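Observations on chain architecture
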Amino acid sequence: MKMLTKRFRPQARTLGTAAAVGTAVLLGSLAACFETAAEPTSAPMVTPNGTADTTAGAFQSEPSALRRLTESQFQNAILDVFGDAIIVAVPPEPDVMVEGAASVGSSVSSISPRGVENLEAIAYDIGKQIMATEAAAARFAPCLVGTPTPTPTIDAPCLRSIASKYGRRLWRRDVTETELDALMVLATNAGTAMQAPAQSVRFLVAALLQSPEFIYRVEVGSPTPAKPQEHRYSDTEFASRLAFFLWDGPPDEALLDAAKKGDLAKASGLEAQVDRLLADPKARRGLSSFVDEWLHLRGLQDLAKDTTIFTSFSGEVGPAARQEVLLDIQRIALDTKADLRSMFTTRETFVNRKLAALYDVAAPSQTGFGLVTFPSDSPRSGLLGSIGFLAYYAHPTGSSPTKRGAFIRETLLCQTVSPPPANVDTAIPEVAANLRTMRERLLAHQTVPFCAGCHIPIDSVGLPLEGFDGAGKFRKTDNGAPLDLTGELDGSTFDGALQLSELVARHPDFPQCVVKKIHRFAYGHTAGKGEQAEINSLTTSFIAGGHRLHALLKSVAMSDSFRIASAPAQGE
Amino acid sequence: MPNFKLDRRTVLRGLVGGAAVSVALPPLEAFMNASGTAYANGTPFPKRFGVFFWGNGVIPDRWAPTGEGTNWQLSEQLAPLAAHKADINVITGFKVNVKNDRPHGAGPAGLLTGAALRTDMYVAPTVDQVIAKELGGETRFRSLEFGVQRSTRSLSYASPTQMNPIETSPARLFDRLFGEDFRDPNATTGPDPRLPLRRSVLDGVLAQSTALKARLGASDRARIEQHLEGVRSLERQIARLEASPVSLAACALPNAPLADYTDVAGRQQLSAVSRAMSDLLAMALACDQTRVFFDMFTQPLADILIGTASAGHHQLTHDEAGNQPNVHGIILTIMQEFAYLLGALKAIPEGSGTLLDNCVILGTTDCGFGRTHQLNNYPLIVAGKGGGFLKTGLHIKSTTEDNASRVMLTLVNAMGLRRADYGLDTAKSSDRLTAIEAS
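Per chain, residue numbering runs from 1 following the sequence as it is written. The lettering of chains begins at A and the numbering of ligands begins at 1, in the order of writing. Whole-chain, interface and lining totals are the exception, using all residues; otherwise, since this is a predicted model, local features are given only for residues with pLDDT of at least 70 and side-chain atom pairs are given and counted only at 80 or more. Each side-chain value is derived from all of the structure's non-hydrogen atoms; neither hydrogens nor water enter the calculation.

Attention now goes to the overall build of chain A. On a plain count of helices and strands, chain A comes out with 25 helices and 13 strands. Buried residues are those whose accessible area, probed at 1.4 Å on protein chains only, stays under 20% of the maximum for their type, while exposed residues exceed 50% and partly exposed ones sit between those limits. Counting only residues that meet the buried cut, chain A has 61% of its 572 residues in that class. Every residue pair with non-hydrogen atoms within 4.5 Å of one another is taken to be in contact. When contacts within chain A are restricted to residue pairs at least 6 apart in sequence, long-range pairs at least 24 apart make up 71% of them. Roughly 21,000 Å² of accessible area belongs to chain A as shown, and the carbon and sulfur atoms make up 56% of that amount. Labels follow the DSSP assignment, with helices taken as runs of H or I lasting at least four residues and strands as runs of E lasting at least two, numbered in each case from the N terminus. Accessibility throughout is a Shrake-Rupley quantity obtained with a 1.4 Å probe, and a residue counts as covered only by protein chains that appear here.

This is the structure:
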């Protein structure tokens, strides 16, 4: 990883999921390592992030890359352009996770052959839904259904206006006259062959949706006269970058109009649009998309536990626990605009009835989610006390100090944990009279040098969370034995989840780590060496401004570096 | 023109709604040659290729058969395959010859592509897609990727940037295969006016993409080009539908599966879903809707609860002590479902044999011994005779850690691809496993 400092030997980069294994490779297989050590070593296997990378030189952008629409961007584009009456059950392609991030995957993936088939089927299905009822058709194509009986002949000006209007929204730019001509030939042929004007619209919409201009975000820019090696995005392309970053969806008419008028080229005009985007309700889904990626929340949608062990658990818990975290961070970032680090220390959270029962707090009076406050003697605060974190970083039948510890180091602090070695026997002792807690069973990791290099730094952060079982329920004992919840994080000792949360909130690696994750989400790649200056600058202003995520989102959107890319590599 | 689509759907709905689904079939013999190995016009039966994959390896000591060649006995973990012993080859002692730097990730990449991962990315297409590229244009679907574990991440790569998604809902797979666009190859219907229109939409996509490519850098151009390969493939598939299909006697519309399979005490109904998928696959192949499939029972690192196991599969492979009775039980469950799949294909007559005889199916996983995720003693099962190209009923055992790419080379050749070698660098092999080839 680029964050390595010289004091430590190089480590393998954090796993991506192009290998279809995900960060779970790392987190899942660290369960244990002892007995047979091929290459005994006690070298540290966890690499600190380092607060300030002093190697940052002059700013240098990375090349631009086509971004394939992510699953949520595809859904949001259909929603924004066609309205919520149009149903797309499953997007054409699942997100590809690279470095654990859908945003990075979107910059390197293409559409698979199966995805081409899916996209075609979805495109015709949307085209069909749009014209399925008289009311739907009247909303979408009023000029076609204006007369009591649809005319048997094709109304060419009407079709052309539909193509122009919806093409602009779907392709995020004006449709050229040449493109409109080609679409009209297609639409006319369809209406004639199928003997129904509505089929013209169906095939027209299907063509717009299968275009690479829809399914990829085409942001390539053009060279600036002063610096030919630097590409500057057009105002229209930049409108797309802003909208997908802040809304996780396409620009609306107002943003496209502002780009066309040249407003985005002026600081005041840009600020007005960024403020408008951040104040819009769609900013919540934009933020949620980032938080999903940052904290790996999407796995909660499909969380399963052995309900003979965790009897209060059910399939609705995972999605609710994800929603809880999303709402908590929406509140801190967009509503109260508070210090983001309060996400670890706050006693307030959003719960629905199911979560209220699990947390043992009064259920909100209304249906859905409501804000509650944990009592002052509660063992929980913030993210590290949430069921979403505690139950996801666990096994189906029990807790996992290793998964929890690795999440804190990697995801929250951007430290690097090396993957477990192959060809190591990883069995851990069964529960026995003298081995009742995970701390006792994992003790071997800490005494075998080969294992200790990884496991002491991970487990000393994870074991103090053993006060919560594999479903996130508070407990005082494990298998009848009292729990020792002491631990150590980068030089500070602590006791229990509350103190750990305070330490993570105050950890010097946290601010830059958040900045790196936001930058990655916005740009679609992990910051390159030339971009470290931008990371440092954003981090400085983030800290100086009181760690407010709202201000950080605005800083990223307003930064000049968000408008430029280095020239793409040519040649074969 | 009559509204073909509406009539067709009405007919299909009537069939699906009925208690027993059957369609009138033409007499089998009319379409066969005298020896029963091909159609009367000389066209051989289509050959099909598939992968059956599961996560987390096996326990090699309990996996490897005793005996060798034609004289061998199934091991305890292979016992569920007893009914198909004569239809499979078990290949043991082989090694996936890439660096094992990504537990559970290096193995499938190294086996299926013959190449190591590079910065976590696949660098070459997987074997199913190597074959689909050659055969896929012959059928309505280039290939079918489906799975049993929910939310499974695919291991089927058409290129480094193209991962074919896995369908894990039997109901959605049914709709895709046998929904409104399904045309029974044995039914006589008029031409569908939508087909040429669909092709002209794709022509428009290709034309627009050509203009777009001119504005892009090299890597983005390559990504668009890979996308367009899929578009061209789809055009060929549509053109194939416009031509009159080969009649396939065994093709019949199957029953629709359940809309949903709800978990029981936190456990997915893996066996029920797997059997529904296998039944759909069998008819998809019998109706020649595709010739290539990738079936992921579970994904690498799957930590779900399987059967009656006491904990998640992946956790058990590492934590469970001794001879791992829980892990063993899970392997038995998986092999039972593999056996069901093979049985479903074997139940369909094709000529003088069965559909399975015209298949080549690779059964494999993400490592050898799950506990240590090693790449030697890699589990490999080859089922089906590939239309007579392969011998079956053998246990092939290597005592020298033979290169697993030898097996892959043999399989792609069995499917009719003329490949001199398979794999890259350390995993490359140009030495076919002739012991399983029919002379």
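From this point, things continue past the structure.
Let us look at the interface of chain A and chain B. By a frequent convention, interface size equals the accessible area lost on bringing the separate parts together. Each partner contributes residues to the interface: chain A has 90 residues there, and chain B has 81 residues. Both sides of the chain A and chain B interface together cover about 6,700 Å² of buried area, and 56% of this is carbon and sulfur. Salt bridge, as applied in this entry: a Lys or Arg side-chain nitrogen positioned within 4 Å of an Asp or Glu carboxyl oxygen. Taken together, the connections running from chain A to chain B amount to 7 salt bridges. Here Asp 306 of chain A ties to Arg 267 of chain B by a salt bridge, and the two come within 3.0 Å at their closest N and O atoms. Any N or O atom pair separated by 3.5 Å or less is treated as a polar contact, with the protein-specific requirement of one donor-capable and one acceptor-capable atom, and with residues adjacent in sequence counted only for side-chain atom pairs. Our count for the contact surface shared by chain A and chain B stands at 28 residue pairs in polar contact (both at pLDDT 80 or more). Of all the elements in the fold, those that place two or more residues in the side of chain A that touches chain B are helix H1 (24–29), helix H3 (102–108), helix H4 (113–130), helix H7 (177–194), helix H8 (197–210) and helix H9 (212–215) of chain A. Element by element, the count of residues in the side of chain A that touches chain B is highest for H4 of chain A, at 9 residues. When two parts are put together, the accessible area they lose, computed with a 1.4 Å probe and summed over both, is reported as buried area.

Turning our eyes to something else, we now look at the side chain of Glu 531 of chain A. Residue and element names in this part refer to chain A. Here Glu 531 shows up in the loop between helix H23 (510–523) and helix H24 (532–544). In this structure the side chain of Glu 531 is engaged in a polar contact, spanning 2.9 Å, whose partner is the backbone nitrogen of Gly 528. Among all residues touching Glu 531, those that are not within four sequence positions of it are Phe 59, Gln 60, Ser 61, Glu 62, His 519, Tyr 523, His 525 and Thr 526.

Turning next to the confidence of the model for chain A. All names here are of chain A. With 87% of its residues at a pLDDT of 70 or more, chain A has an overall mean of 87. Counting interchain partners and residues more than four positions distant, the pLDDT-below-50 stretch residues 1–45 has 149 contacts. Predicted confidence is poor over residues 50–54, with pLDDT under 50, and the contacts of this stretch with residues over four places away or in other chains come to 9 contacts. A score between 0 and 100, pLDDT records how confident the predictor is in each residue.

By nonpolar core we mean a set of buried residues, namely Ala, Val, Leu, Ile, Met, Phe, Trp, Tyr and Cys, connected to one another through side-chain atoms within 4.5 Å. In terms of nonpolar packing, the biggest core is built from 83 residues, with Phe 245, Leu 295, Met 343, Ile 408 and Leu 412 of chain A touching the most fellow members. Counting residues in each nonpolar core, the second largest holds 64 residues, with Leu 119, Tyr 166 and Val 201 of chain A together with Leu 234 of chain B among its members.

This next bit is on the sheet that holds strand E8 (residues 292–296) of chain B. Residue and element names in this part refer to chain B. A pair of strands counts as paired when DSSP detects no fewer than two bridges linking them. The strand order E5-E8-E1-E11-E12-E4-E13 describes an open sheet built from 7 strands, whose pairing is mixed. What marks the edges here is a single partner per strand, and that holds for strand E5 (144–147) and strand E13 (394–397). On average, adjacent strands in this sheet sit at an angle of 15° to one another, irrespective of strand direction. Where strand E4 (residues 88–92) and strand E12 (residues 380–383) come together, 4 bridges link them in antiparallel fashion. Residue Ile 91 lies in a different strand from E12, and its bridge partner there is Leu 380. The sheet strands contacting helix H8 (residues 270–286) are strand E1 (48–53), E5, E8 and strand E11 (359–364), and the helix crosses E5 at an angle near 165°. A fitted line through C-alpha atoms represents every axis, and for helices the fit uses only the stretch in contact; the resulting angles, taken between N-to-C directions, go from 0 to 180 degrees.

All names here are of chain A. Here 3 strands make up an open sheet; going across it, the order is E4-E5-E13 and the pairing antiparallel. The strands lining the two open edges of the sheet, one partner per strand, are strand E4 (222–223) and strand E13 (564–566). Where strand E5 (residues 230–232) lies against E13, 3 bridges are found, and the strand directions are antiparallel. Within E13, the residue paired with Glu 230 across the bridge is Ser 566.

Residues and elements named next belong to chain A. The geometry of helix H10 (residues 235–247) relative to helix H12 (residues 267–279) is characterised by a closest axis approach of 10 Å and an angle of 30° between their N-to-C directions. Overall, the two elements H10 and H12 adopt an arrangement that is roughly parallel. Here H10 runs over H12; the crossing is right-handed. Contacts between H10 and H12 involve Phe 238, Leu 242, Ala 243, Leu 246 and Trp 247 from the former and Leu 270, Val 274, Arg 276, Leu 277 and Leu 278 from the latter. Residues of the contact of H10 with H12, tallied by class, amount to 9 nonpolar, no polar and 1 charged. Oblique is the label for any angle not covered by the other classes, which are roughly parallel (under 35 degrees), roughly antiparallel (over 145) and roughly perpendicular (65 to 115). Here a crossing is called left-handed whenever its near helix is offset anticlockwise from the far helix by less than a right angle, and right-handed whenever the offset is clockwise. Just so you know the grouping, Ala, Val, Leu, Ile, Met, Phe, Trp, Tyr, Cys and Pro go in nonpolar, Asp, Glu, Lys and Arg go in charged, and all remaining residues, Gly too, go in polar.

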